[in-house]
Amino acid sequence: MSARTSPARVFVARLAGTDVFDPLGDRVGRVRDVVALVRPTGTPRAVGLVVEVPGKRRVFLPLSRVVSIEAGAVLSTGLLNVRRFEQRAAETLVVAQLLDREVELVDGSGPAVVEDVALEQQRNRDWVVTQLFVRRLPPGRGLRRRRGETLLVDVAAVRGLGSERAQQGALALISTFEGLKPADVADQLHDLPPSRLVEVAAALTDEVLADVLEELGEEDRVSIVSALLAERAADVLDLMQPDDAADLVSELPTARATELLDLMEPEEADDVRRLLAYGEHTAGGLMTTEPIILAPEATVAMALATARRIDVTPALATMIFVVRPPLETPTGTLLGVVHLQHALREPPHALIGSFLDRDIEPVLPEDAIGKVTRLLATYNLTALPVVDADRRLLGAVSVDDVLDHLLPDDWRDADADRTDEAMTRSAHG
């Protein structure tokens, strides 16, 4: 295809999510953002695309290597640099940093919000920002903002587009997160400049933010929680898995940690305080206090319904811990476990106490991560019970929590090849 087949104008909000193909027609990735050079004066110029390739890695595709941009497809020369994209100081991400930005119309008619950005290719093949799709902000707007008139204006008709101090919402960027897993949203947030990371995270719902914080690295999540109002931060911690909440609280300054624990729901705060008492690399420090716990009189139907709960992780859903009352940790005596696969082979009315696996070796809260790892690997398990000296269930350690601690500290931020290399070195001592 020739570059002349490209449309005269491309809108960035519609371009995000578009598949990228090589000259042979093979899909090589998906557009996630557009990289532009935006200065206080002069016409902004688009220089490349941020493309997500297999493995969730984001790479930079210069627009000079784009043959055409058509509806639903971007055709490249096939020469993709596989190095992870890192934003430079002079660069602006259009979706992440320009959409929802508040600007002033130079005709004096007031402020407006940028909802889309139009790119056009010039005769010299450079792509420039020529027009903006904006929505006027009516006077007297408050918490219940009225939707104003929309219009398409030349980029020269606004000021403040290149200002780092411009106000900016997050709705347009958050809309691109729809359908993504929390780990993928966390990856996108990590790629944002620090101040923008906090702004966008704060605009997420409490439930989504709780899931995302569980996937972010220490520096990012501490920045976010430190910037939130204390009441909201406590609400988000209440929604997190207790072990993840405990990890996060332990990373905060003592005064902030104490404040948030005092504001959390008492039961949730008690779970976190209990976990904080254990060493980081022990079974107690790794465990969650909320695995699936049922009495032996529970039916298979009840067990399967509990395993379907959306707040139960896949690793924990494979095992039901059967105990004497009470059923809240610390429970009564641990009787055994029921494997989900076994439960699926039993009739719905069967009592789970009738087919317990009593051979699973529990660990004590002070046992080291090495013992936990060996037991999980030896018996091909996804979770292990953690009990006290009286065999009361305190919680469970899942394989995903063990992996989090075995991987390098910066594994969420590292390229896949560097993580593999670090794991290989670790495995060989």
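In the block above lies the structure referred to throughout.
Residues numbered from 1 in each chain as written. Predicted model: local features only at pLDDT ≥ 70, side-chain atom pairs only at ≥ 80, totals over all residues. Heavy atoms only, no water.

Asker: Just checking my understanding: could you explain the overall build of the protein chain for this structure?
Answerer: A count of helices and strands for the protein chain gives 18 helices and 18 strands. Classification of the 429 residues of the protein chain by burial places 49% in the buried group. Pairs at least 24 residues apart make up 57% of the contacts formed inside the protein chain by residues separated by at least 6 positions. Taken as a whole, the protein chain presents about 21800 Å² of accessible surface, with 52% of it coming from carbon and sulfur. (Helix = DSSP H or I, 4+ residues; strand = E, 2+ residues; numbered from the N terminus. Buried < 20%, exposed > 50% of the residue type's maximum accessible area, 1.4 Å probe, protein only. Contact = heavy atoms within 4.5 Å. Areas by Shrake-Rupley, 256 points an atom, 1.4 Å probe, with all protein chains shown as cover.)

Asker: What is the right way to read the packing of helix α9 (residues 242–251) against helix α11 (residues 266–276) from this model?
Answerer: To describe two helices that pack against each other, one gives the angle between their axes and the distance between the axes. Interhelical geometry of α9 versus α11 gives an angle of 65° and a closest axis separation of 9 Å. Between α9 and α11, the crossing angle belongs to the class labelled roughly perpendicular. Note that α9 runs across α11; the crossing there is right-handed. Of the residues in α11, those in contact with Pro 242, Asp 243, Ala 245, Ala 246, Val 249 and Ser 250 of α9 are Asp 271, Val 272, Leu 275 and Leu 276. Residues belonging to the contact of α9 with α11 are distributed by class as follows: seven nonpolar, one polar and two charged. (Axes fitted to C-alpha atoms, helices over the stretch in contact; angles between N-to-C directions. Parallel < 35°, antiparallel > 145°, perpendicular 65-115°, else oblique. Left-handed = near helix turned anticlockwise from the far one by under 90°. Nonpolar A, V, L, I, M, F, W, Y, C, P; charged D, E, K, R; others polar.)

Asker: How should I be thinking about helix α8 (residues 230–239) in this particular structure?
Answerer: Residues that lie three or four places apart on an α-helix share one face, since the helix turns once every 3.6 residues. When you tally the buried positions in α8, you get seven out of ten residues, the bulk of the element. Where α8 is buried, its residues contact α5 (194–203), α6 (206–213), α7 (218–227), α9, α10 (254–263) and α11.

Asker: What is the right way to look at the pairing of strand β5 (residues 57–62) in this model?
Answerer: Regular strands place side chains that alternate from one sheet face to the opposite one. Of all six residues that make up β5, five are buried, and the element is covered over most of its length. With six bridges joining them, strand β4 (residues 45–53) and β5 adopt antiparallel strand pairing. Its bridge partner being in β5, Val 51 is matched across the sheet by Val 59. Hairpin connection, β4 to β5: the antiparallel pair is bridged by three residues, and Gly 55 has positive phi, about 95°. (Pairing = 2+ DSSP bridges.)

Asker: Any chance you could explain the pattern of salt bridges here in plain terms?
Answerer: Pairs can form between side chains of opposite charge once their charged atoms are near each other. Following the criterion strictly, the structure yields 22 salt bridges and no others. For Glu 251, the salt bridge identified is with Arg 221, shortest N-O distance 2.8 Å. Here the residue Glu 251 occupies a position in helix α9, and Arg 221 occupies one in helix α7, the gap between them amounting to 30 residues. With a shortest N-O distance of 3.0 Å, Asp 271 and Arg 274 are connected by a salt bridge. Of this pair, Asp 271 and Arg 274 both sit in helix α11, three residues apart, which is roughly one turn of that helix. The network of salt bridges with shared partners includes Arg 32, Glu 52, Lys 56, Arg 58 and Asp 184. (Salt bridge = Lys/Arg side-chain N within 4 Å of Asp/Glu carboxyl O.)

Asker: Please explain the nonpolar core as it appears in this structure.
Answerer: In terms of nonpolar packing, the biggest core is built from 128 residues, with Leu 49, Val 117, Leu 132, Leu 189, Leu 213 and Ile 352 touching the most fellow members. Setting aside residues no more than four positions away along its own chain, Leu 189 makes contact with Phe 177, Leu 197, Val 200, Ala 201, Leu 204 and Val 212. (Core = buried A, V, L, I, M, F, W, Y, C linked by side-chain atoms within 4.5 Å.)

Asker: Teacher, can you tell me more about empty space enclosed by the protein here?
Answerer: If a probe as big as a water molecule is rolled over the atoms, it shows which places are left empty. Using the criterion set out here, one finds one cavity of 30 Å³ or more in the structure. Surrounding the largest cavity, 14 residues form its lining, Asp 33, Arg 58, Leu 93, Ala 96 and Gln 188 being those nearest its centre. Of all the secondary structure elements, the ones that give two or more residues to the lining of the largest cavity are β3 (27–37) and α2 (94–98). A breakdown of the residues in the lining of the largest cavity according to their chemical character gives eight nonpolar, two polar and four charged. (1 Å grid on protein atoms, 1.4 Å probe; cavity = no way out; pocket = protein on both sides within 12 Å on 5 of 7 lines; lining within 4 Å. Points joined across faces, edges and corners; volume = space filled by probe spheres on them.)

Asker: Explanation requested: the side chain of Asp 401 in the structure shown.
Answerer: Relative to the elements of secondary structure, Asp 401 occurs in helix α17 (residues 399–406). Under the relative-accessibility criterion, Asp 401 is labelled buried at 9%. Polar contacts involving the side chain of Asp 401 include one to the side chain of Ser 398, which spans 3.0 Å. Contacts of Asp 401, omitting those with residues within four sequence positions, involve Asp 243 and Leu 286. (Polar contact = N/O pair within 3.5 Å; in protein donor to acceptor, adjacent residues only side chain to side chain.)

Asker: For this particular structure, what's the right way to read the sheet that holds strand β16 (residues 334–339)?
Answerer: Whether parallel or antiparallel, the strands of a sheet pair through hydrogen bonds between backbone atoms. Ordered by their spatial adjacency, three strands build an open sheet running β14-β15-β16, and the pairing between neighbours is mixed. The sheet is open, and its two edges are formed by β14 (292–294) and β16, each paired on a single side. Direction aside, the axes of adjacent strands within the sheet are offset by 30° on average. In this fold helix α13 (residues 300–307) packs onto β14 and β15 (319–323), with an angle of close to 160° to the strand it touches most, β14.

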